[in-house]
Amino acid sequence: MSETVLPVENDIFSEATETRTRRMTLNMGPQHPSTHGVLRVLLELEGETIQNAIPDIGFLHTGIEKQCEALNWQQVVTLTDRVDYLSNLNNNLAYCLSVEKLLQMEIPARAQYFRVMLCELSRISSHLVWLGTHALDIGAMSMFMYCFREREDLLKIFEYFSGQRLMTSYIRIGGLALDAPRGWERIVKKFLETFPSRVEQYEDLLNNNPIWTGRTKGIGPLEVSRMINLGITGPLIRACGLPHDLRKMEPYSGYDKFDFKVCTSTDNDVWGRYQVRMGEFRESLKIIQQAMDGMPGGPVQADAPKVVLPDREKMKTQMEALIYHFKIVTEGFAVPEGEAYVGIESPRGELGYFVVSDGSAKPLRVHMRTPSFGNIQALPELMEGRMIADSIAIMGSLDFVLGDCDR
Amino acid sequence: MDSLFAHPLFMPLVLTAIIILLFPLVAGYIVLVERKVLADMQVRLGPMRVGPYGLLQPIADALKLLIKEDIIPTNSDKVIFWGAPVLSCFCAFSGFTVIPFNSWIHIADVNVGLLVISATSAVGILGIILGGWASNSHYSLLGALRSAAQLVSYEVALSLSLVCGVMAAGTLQMPLIVKAQEQQHIWFAFENYGLMWIAFMIYLIAATAEINRTPFDLPEAESELVAGFHTEYSGFRWALYMLAEYGNIFVVASVGVVLFWGGWLRPFPNVSWLELPMNYGVPIALFGGSAWGSIRLVARLKDRIQQIVLMAVIAGMAFVALLFAWPAFNHASVSVFWFLFKVSMWVYLMVWFRGTFPRFRYDQLMNVGWKVLIPGGMLCVLANAIVGMARQ
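Residues numbered from 1 in each chain as written. Chains lettered and ligands numbered in written order. Predicted model: local features only at pLDDT ≥ 70, side-chain atom pairs only at ≥ 80, totals over all residues. Heavy atoms only, no water.

**Student:** Help me understand the overall build of chain A in this model?
**Tutor:** Scanning chain A for helices and strands turns up 18 helices and eight strands. Relative to its 407 residues, chain A shows a buried fraction of 56%. In chain A, the share of contacts with a sequence separation of at least 24, taken over all contacts with a separation of at least 6, comes to 70%. By element, 52% of the accessible surface of chain A is carried by carbon and sulfur atoms, the whole surface being about 17,500 Å². Separation of charge centres in chain A, based on 43 positive and 53 negative side chains, amounts to 7 Å. (Helix = DSSP H or I, 4+ residues; strand = E, 2+ residues; numbered from the N terminus. Buried < 20%, exposed > 50% of the residue type's maximum accessible area, 1.4 Å probe, protein only. Contact = heavy atoms within 4.5 Å. Areas by Shrake-Rupley, 256 points an atom, 1.4 Å probe, with all protein chains shown as cover. Lys, Arg positive; Asp, Glu negative; His and termini not counted. Charge placed at Lys NZ, Arg CZ, Asp CG, Glu CD.)

Next up, the structure:
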């Protein structure tokens, strides 16, 4: 056993020049007001400067992906609501589109228009939560209340359509759950009339506020190439000037019929992301207006008797309808063997559902490519060398939903 | 009996007792006002359950805080953890000693009154630093550090703006500062051809930073540090911190009012024909109008007891309005009314800030302090000195 002899230095200068910095480890989250759910970020701090940030996910793991394998194809829609609970209609749509791709099903135009309209409303609702909480994190507490006031109108619209405020499950395989209730134009129109002035109010409060610009401009930049490598999508990558938007690049559900522009910014920082999302408020409004104006008539469900529940009246008179109804309700419908992936542009980025069928009435596998999961990966690089206050602004600008990330 | 009233200690002791007994209640109601005003700005109602329209909420809150479990974290430094909020509260209350509510209502008429306040408010920060340190928690420590840095940078700017006011008044004695404004027939905020307005703005910003209010509430930034220096505090000790915070708001507002807004003087002290409409009109309109406006609220209440409570409040306001219509009472107390009115304007301003502004970042806060406020304050002192000398 040899004893390690430490060199003893009596030199007074060496002691003075030796940099003795002890880093403090701050365990931010999972219960922290600004980690938006249950993200845990381990911060290594020197003073207030972050030397290293390690995001730790999984606190909201619900096993939704596995649970999907236990339900039949149509029932899974209700689970997709609970993945990204702030933009559930987008999740419904992504899942339904991928299953419909397997089924090779044609969706009637009216259903497609409603899908687009509701997804855009849901995008506004999701961005409103983002803006409110992001501003609250930076300290502008009134914004939170203003945004939730508008979101309340949107939730009422969703309730009007589907009977549910949050977990709507309104978009189904084969179309929509129901046709829109009478008077839907009035309630959507009212929102379209009030909302533009509200967006202006938000910008009045924030855009020219030196504290807000000071807290957002130049915070958390990352090169485009690195962002692409990390798999970051959505407003984050559009804020770097890359017009990456699946609604334009791979139009789904008839987005190619709508006239809108992809909002981009060249700022590549928290401010840029804010600008992009504020622009998307306006673009979404444009799309909703167009959908309302050009709303076609006709059915909202595909003509696929093996998949879509038959009309109640037909059930009473036609033998086949009754049989299909019994089959669909008792065992669901079979989806041809194969696999399909459809990605859509959710408010947070590319949201894709990869579904595998073995030809039975239940999915063999449902995998979700969720934007939050990819976007959180950028956290360490964005936060390094920043201050604690910036880390909050950066986390807010990423706009992640932990339910979306952990599944 | 006469000798008792005439005793030099009578007035200070009575006032001290009144302030110590009454201020916790006043602070509670400032909190209620803050919550209600913020709620109004944020399109919601605020507290509505306890008492009519939430009027008894502060009392319920105080009771809750008193009977809450007393938690001292195991790893904390117990003595300091216990003492820090007391120190904070003590310093906040010490500031009250030299505040002149009118020309003769004050606890002590110290010839360096302004210095006393600046000293106590500086020591008061020590309570925050010690509390954050003793908690032995990371968030608390960061809050305490921020608080220390903030104190150092803003105390200087604050003092510089005070110097401007002192130069204009020629004294540090609080009542004499107001009397100087009375003689010069002007509020000091408008003195020196508007140059003092800059000093006033610097005071407003630095004072907001000094008492850790939005947008300078970094030591307790709830979205970053959970609750900052008082993360580990709960129950009555936490209430002491809150009491100190609202005490500080009151003191800082009083100093601002005394130094820049003419203390107990009515607005436009130089326009004599305004005396009647100002001294009688404003208080009567304020209290009478509030009472009149509240009458229709009674019918909306469903509970009988709540109706009675609200009616008592309305009667009280109407009674105060009537009192102000009585010349003898008006003459004796309108100066106190003006002082408290201006202080409440200041408190409203602080709440307004909180409803509007985002929060600064730590280094931006330092930048504003060192690069804007301190040089600005120095220039302001210089300019005011030159102009003041030239005017004599």
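**Student:** Even after reading the chapter, I still don't get helix 5 (residues 109–138) of chain A, so can you show me in this structure?
**Tutor:** Side chains of residues three or four places apart in an α-helix project in the same direction, reflecting 3.6 residues per turn. Taking 1.5 Å per residue, 30 residues should reach 44 Å; helix 5 of chain A reaches 43 Å between its end C-alpha atoms and fits that length. Counting buried positions along helix 5 of chain A yields 28 of 30 residues, so the element is predominantly enclosed. (Expected span 1.5 Å × (residues − 1).)

**Student:** Would you explain unusual backbone geometry in this entry?
**Tutor:** Leaving glycine aside, a negative phi is the common case for residues, and trans is the common case for peptide bonds. With phi around 50°, Ser253 of chain A is a residue other than glycine that occupies positive phi space. Structurally, the position occupied by Ser253 of chain A is in the loop between helix 11 (246–249) and helix 12 (270–293). The class for Ser253 of chain A is buried, based on a relative accessible area of 10%. A positive phi is found at Asn136 of chain B, a non-glycine position, where the angle reads about 60°. Looking at the element boundaries, Asn136 of chain B is found in the loop between helix 5 (113–134) and helix 6 (138–169). Taking relative accessible area as the criterion, Asn136 of chain B reaches 53% and is therefore assigned exposed.

**Student:** Sorry, what's going on with the environment of Ala27 of chain B here?
**Tutor:** Residues and elements named next belong to chain B. Inspection of the secondary structure puts Ala27 in helix 2 (residues 10–41). Residue Ala27 is classed as buried on the basis of its relative accessible area, which comes to 4%. Sequence separation between Ala27 and Tyr246 is 219 residues; the distance between their C-alpha atoms is 5.8 Å. Among residues more than four places away in sequence, those in contact with Ala27 are Leu243 and Tyr246.

**Student:** Please clarify how the sheet that holds strand 2 (residues 40–46) of chain A should be interpreted in this entry.
**Tutor:** Adjacent strands of a sheet form backbone hydrogen bonds with each other and so pair up, either parallel or antiparallel. Residue and element names in this part refer to chain A. Pairing in this open sheet of three strands is antiparallel, and the strands run 1-2-3 from one edge to the other. Sheet topology places strand 1 (24–28) and strand 3 (49–56) at the edges, where each strand pairs with a single neighbour. Across this sheet, the average inter-strand angle for adjacent strands is 20°, counted without regard to direction. Alignment of strand 2 against strand 3, held across seven bridges, turns out to be antiparallel. The residue of strand 3 that forms the bridge with Leu42 is Ile54. Helix 17 (residues 388–398) rests against strand 1, strand 2 and strand 3 of the sheet, and its axis sits at about 30° to strand 1. (Pairing = 2+ DSSP bridges. Axes fitted to C-alpha atoms, helices over the stretch in contact; angles between N-to-C directions.)

**Student:** Is there a simple way to explain the packing of aromatic side chains in this structure?
**Tutor:** For any two aromatic rings, the description comes down to two numbers: the centre-to-centre distance and the angle of the planes. According to the stated counting rule, one finds 43 aromatic pairs over all chains in the structure shown. Aromatic pair Phe161 of chain A and Tyr170 of chain A: ring centres 5.8 Å apart, planes at 70°, arrangement edge-to-face. Like Phe161 of chain A, the residue Tyr170 of chain A is buried in the burial classification. For the ring pair Tyr203 of chain B and Phe260 of chain B, a centre distance of 5.7 Å and an interplane angle of 45° mean the geometry is tilted. With a gap of 57 residues between them, Tyr203 of chain B in helix 8 (residues 195–210) and Phe260 of chain B in helix 10 (residues 235–260) connect regions that are remote in the sequence. We classify Tyr203 of chain B as buried; its relative accessible area is 2%. Under the relative-accessibility criterion, Phe260 of chain B is labelled buried at 0%. A cation over an aromatic ring shows up here: Lys217 of chain A above the ring of Trp271 of chain A, its NZ or CZ 4.7 Å from the ring centre. (Phe/Tyr/Trp six-rings, centres within 6.5 Å; stacked < 30°, edge-to-face > 60°. Lys NZ or Arg CZ within 6 Å of the ring centre and 35° of its normal.)

**Student:** Looking at this structure, I do not really get the confidence of the model for chain B. What am I missing?
**Tutor:** Detailed conclusions should not be drawn from predicted coordinates in areas where pLDDT is low. Residue and element names in this part refer to chain B. Across chain B, the average pLDDT comes to 85, with 99% of residues at 70 or higher. In the model of chain B, helix 1 (residues 2–6) stands out as the element of lowest mean pLDDT, 71, in contrast to helix 3 (residues 57–66), which has the highest, 89. Interface predicted TM-score (ipTM) for the complex: 0.81; the corresponding pTM is 0.86. (pLDDT = per-residue confidence, 0-100.)

**Student:** Any chance you could explain the interface of chain A and chain B here in plain terms?
**Tutor:** Counting from both sides, the interface comprises 34 residues of chain A and, opposite them, 26 residues of chain B. Taking both sides of the interface into account, the surface hidden between chain A and chain B amounts to around 2,600 Å²; carbon and sulfur atoms contribute 61%. The three residues of chain A that bury the most area against chain B are Glu48, Met141 and Ile211 of chain A, which together make up 23% of that side's buried surface. Applying the counting criterion to the chain A and chain B interface returns two salt bridges. Here Arg146 of chain B ties to Glu48 of chain A by a salt bridge, and the two come within 2.4 Å at their closest N and O atoms. Its residues assigned to classes, the side of chain A that touches chain B shows 19 nonpolar, 10 polar and five charged. (Buried area = accessible area lost by both parts, 1.4 Å probe. Salt bridge = Lys/Arg side-chain N within 4 Å of Asp/Glu carboxyl O. Nonpolar A, V, L, I, M, F, W, Y, C, P; charged D, E, K, R; others polar.)

**Student:** Mind showing me how you'd approach the nonpolar core here?
**Tutor:** Of all hydrophobic cores here, the largest spans 87 residues; its most connected members are Tyr95, Leu131, Phe161 and Ile173 of chain A. The contact partners of Phe161 of chain A, leaving out residues within four places of it in the chain, are Phe114, Met117, Leu118, Tyr170, Ala180, Pro181, Trp184 and Val188 of chain A. The next biggest cluster of nonpolar side chains, apart from the first, holds 77 residues, and it includes Ile19, Trp187, Phe200 and Ala253 of chain B. (Core = buried A, V, L, I, M, F, W, Y, C linked by side-chain atoms within 4.5 Å.)

**Student:** I'm lost on the domain arrangement of chain A in this one. Help?
**Tutor:** One frequent convention defines the size of an interface as the accessible area lost when the parts assemble. Residue and element names in this part refer to chain A. Taken domain by domain, chain A consists of domain 1 (2–56) and domain 2 (64–405). Listed by partner, the interface residues are 17 residues for domain 1 and 17 residues for domain 2. Summing both partners gives a buried area of about 1,500 Å² for domain 1 against domain 2, and 72% of it is carried by carbon and sulfur. Here domain 1 and domain 2 share three residue pairs in polar contact (both at pLDDT 80 or more) between them. Those elements giving two or more residues to the side of domain 1 that touches domain 2 turn out to be strand 1, strand 2 and strand 3. Looking at the side of domain 1 that touches domain 2 element by element, the count peaks at five residues for strand 3. Among the residues making up the side of domain 1 that touches domain 2, the classes are represented as 10 nonpolar, six polar and one charged. (Domains from an automatic or database assignment. Polar contact = N/O pair within 3.5 Å; in protein donor to acceptor, adjacent residues only side chain to side chain.)

**Student:** What exactly am I supposed to notice about the sheet that holds strand 6 (residues 338–346) of chain A here?
**Tutor:** Residue and element names in this part refer to chain A. Taken together, three strands build an open sheet; the order of strands is 6-7-8 and the sheet is antiparallel. Both edges of this open sheet fall to strand 6 and strand 8 (365–369), since each of them pairs with a single strand only. When strand polarity is set aside, the average angle formed by the axes of neighbouring strands in this sheet is 15°. Bridge count between strand 7 (residues 349–357) and strand 8: five bridges; the pairing is antiparallel. Residue pairing for strand 8: Tyr353 is matched across the bridge by Met368. Here helix 4 (residues 88–103) sits on the sheet in contact with strand 6, strand 7 and strand 8, set at roughly 150° to strand 6.

**Student:** Any chance you could explain the pattern of salt bridges here in plain terms?
**Tutor:** Two side chains carrying opposite charge are able to pair once their charged atoms lie near each other. Residues and elements named next belong to chain A. With the rule as written, the count across this model stands at 33 salt bridges over all chains. A salt bridge links Asp245 to Arg238, with the nearest nitrogen and oxygen atoms 3.8 Å apart. Overall, the relative accessible area of 0% leaves Arg238 in the buried class. In the salt-bridge network here, residues are joined through shared partners; they are Glu120, Arg123, Arg238, Asp245, Arg247, Glu280 and Glu345.

**Student:** What am I meant to see in helix 17 of chain A here?
**Tutor:** All names here are of chain A. Most of helix 17 sits inside the fold, with 11 of its 11 residues counted as buried. Taken together, the buried positions of helix 17 are Ile388, Ala389, Asp390, Ser391, Ile392, Ala393, Ile394, Met395, Gly396, Ser397 and Leu398. Of the residues trailing helix 17, Asp399 is marked for its positive phi of about 55°.

**Student:** How should the packing of helix 5 of chain A against helix 12 of chain A be read in this particular structure?
**Tutor:** Any two packed helices are characterised by how steeply their axes cross, that is the angle between the axes, and by the distance between the axes. Residue and element names in this part refer to chain A. Between helix 5 and helix 12, whose axes approach to 9 Å, the crossing angle comes to 150°. Classed by the angle they form, the pair helix 5 and helix 12 counts as roughly antiparallel. For the crossing formed where helix 5 meets helix 12, the hand is left-handed. Residues belonging to the contact of helix 5 with helix 12 are distributed by class as follows: 17 nonpolar, four polar and five charged. (Parallel < 35°, antiparallel > 145°, perpendicular 65-115°, else oblique. Left-handed = near helix turned anticlockwise from the far one by under 90°.)

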